[in-house]
Amino acid sequence: MNMERARRAIVPAAAAAILCLAAAGVLAAHPQEAPAGTAGAASTHVPHGPQFAVPKPPFSPGIFPCSDCHKEIRPNPTRRELKDEHTDIVLNHAQGQRWCLDCHDTTNRDKLRLASGERIPHEESYRLCGQCHGDKYRDWKAGVHGKRSGMWNGEKQYLLCVHCHNPHDPAFKPLQPMPPPVRPENIK
Amino acid sequence: MPKPGSRDGQAFRMSRRKMMKGVAAVLGALVLPEKDASASVWEAFFQKNFRELSRPELEKVIARLEKEYSGRFGKAVKVRATPPIEGVLYGYGLDLSRCIGCRRCAYGCIQENNQSRDPQIQWIQVLQLNKERGVDLEEAELYYNPAKVPEKGHFYMPVQCQQCERPPCVKVCPVQATWKERDGITVVDYNWCIGCRYCMAACPYGARHFNWKKAGLPAAEMNPETHYLGNRPRPVGVVEKCTFCIQRVRNTPGRYTACVEVCPVGARKFGNLLDPESEIRYVIENKRVFILKEDLNTRPKFYYFYAT
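Criteria and cut-off values
Residues numbered from 1 in each chain as written. Chains lettered and ligands numbered in written order. Predicted model: local features only at pLDDT ≥ 70, side-chain atom pairs only at ≥ 80, totals over all residues. Helix = DSSP H or I, 4+ residues; strand = E, 2+ residues; numbered from the N terminus. Buried ≥ 20, exposed ≤ 12 C-beta atoms within 10 Å, placed from the backbone. Contact = placed C-beta atoms within 7 Å. Pairing = 2+ DSSP bridges. Axes fitted to C-alpha atoms, helices over the stretch in contact; angles between N-to-C directions. Nonpolar A, V, L, I, M, F, W, Y, C, P; charged D, E, K, R; others polar.

For the rest of this paragraph, the subject is the overall build of chain A. Scanning chain A from N- to C-terminus turns up 6 helices and 4 strands. Along chain A, helices and strands appear, N-terminal first, in the series α-α-α-β-β-α-α-β-β-α. When each of the 188 residues of chain A is scored for burial, the buried share is 12%. Summarising the internal contacts of chain A: among those between residues at least 6 apart in sequence, 53% fall at separations of at least 24.

Residue and element names in this part refer to chain B. As summarised here, the arrangement of the 4 strands in space is β10-β2-β12-β11, forming an open sheet in which the pairing is mixed. Only two strands of the sheet have a single partner each, and these edge strands are β10 (268–272) and β11 (288–290). Averaged over neighbouring strand pairs, the angle between their axes works out to 30° when direction is ignored. Pairing geometry for strand β2 (residues 90–95) and β10, over 5 bridges, is antiparallel. For G91, the partnering residue across the bridge sits in β10 and is G271. This element, helix α9 (residues 279–286), spans β2, β10, β11 and β12 (302–306) of the sheet and lies at about 110° to β10.

Attention now moves to the interface of chain B and chain A. Between chain B and chain A, the residue contacts involve 38 residues of the former and 26 residues of the latter. Elements with a minimum of two residues in the side of chain B that touches chain A: α4 (104–113), β10 and α9 of chain B. Residue contributions to the side of chain B that touches chain A peak at 4 residues, all from β10(B). Of the residues belonging to the side of chain B that touches chain A, the class tally is 21 nonpolar, 10 polar and 7 charged.

Below, the structure is given as structure tokens:
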């Protein structure tokens, strides 16, 4: 009798354990998908650590945290051209359709803002870029768009989108090439 | 006692023997290297093909080479002979829609792999091609040198060893000094190569290069982390080629190749073709891919692709 009861208890427990394992496996396989799905529903911040090893965002020197200055300033949500500060930033990135506060959060200037209203740190800015550039985001997550360094069969170092693309002017700038090879007739 | 120079039989035989001894001594002194070096030269001369070396023999060879290189470059040079990793077949992807032709890969490769700076040897050749003509190698320009790249109307195609599945260079080698390893890397035993350059003639990608002179490799720039089949210093008169940075990638964990790490636009991808989760598999399964000179049936493991 005891045996029978024990068996009856074990079967559902085992089934539940297997289901849990399977769910964990799915989550582990797509760690970046799970929170992204919930982000739309939650307007409050979902605990969401960086999933990709990225170096620090390339802030201009002395500019971050933004709240150092902005905590004194009352936010002005009116779309306008900035005349007093940040005049060095020329938006060359769908400039007719957006301005500062579409990506920078109005009330917490140290955060970025997704279309859903979710606030994210600059370390996760790829989620912001990925809202429009979904194909690039997909390739980047797979390690195919952008540069990866580190170990091919171990720990990999990603770069943020903004390490290569200035978010205000994202086109990749031309580079000076290294010298051409020596022509065979000139090799002594 | 016979007079000197007399022509009686006895004196003639003695002076002839002496002369032969003298000739032998002079020739010996000319042919044999100095006393200290003679042992290692002797060993190098009678060294077996890399693939026939037993483990103790290989250890001896490596110790000899490390001693030689460390002395020559004035720093501790490590020569490894790391074998292939089981279950790994290396594949390479190059995104033609990203490459801007800046040639940083070619120079990064030189630093990593100890090529001769003068006379110059480069394993990566970056071709500038016309967008309207597509991959038309007859129109390719190797020596482009504008102030900024990319140039309007052009795209760029770096070419290096394609690590063929059926390598013609291996087929033609008369002494089997070059072969394809289990992980797909075609390697050269520089101590076995006789310098006939048949492989250079056979390679359809111009990926093999010959050491016409003693390598001009400044000691300060010499990379001391080397592999026997890869970036160890090469002697005069042997052929060398890209080995997918064998000294880096054959480790667990192993670093990306130098060209992958130096590329400023992330056009270069590298990984295990047998691993379905690898970047290179993602490229092959999701992008438009082509291989160079497919009609030759060399079956390269170097995949050019367009990510956009």
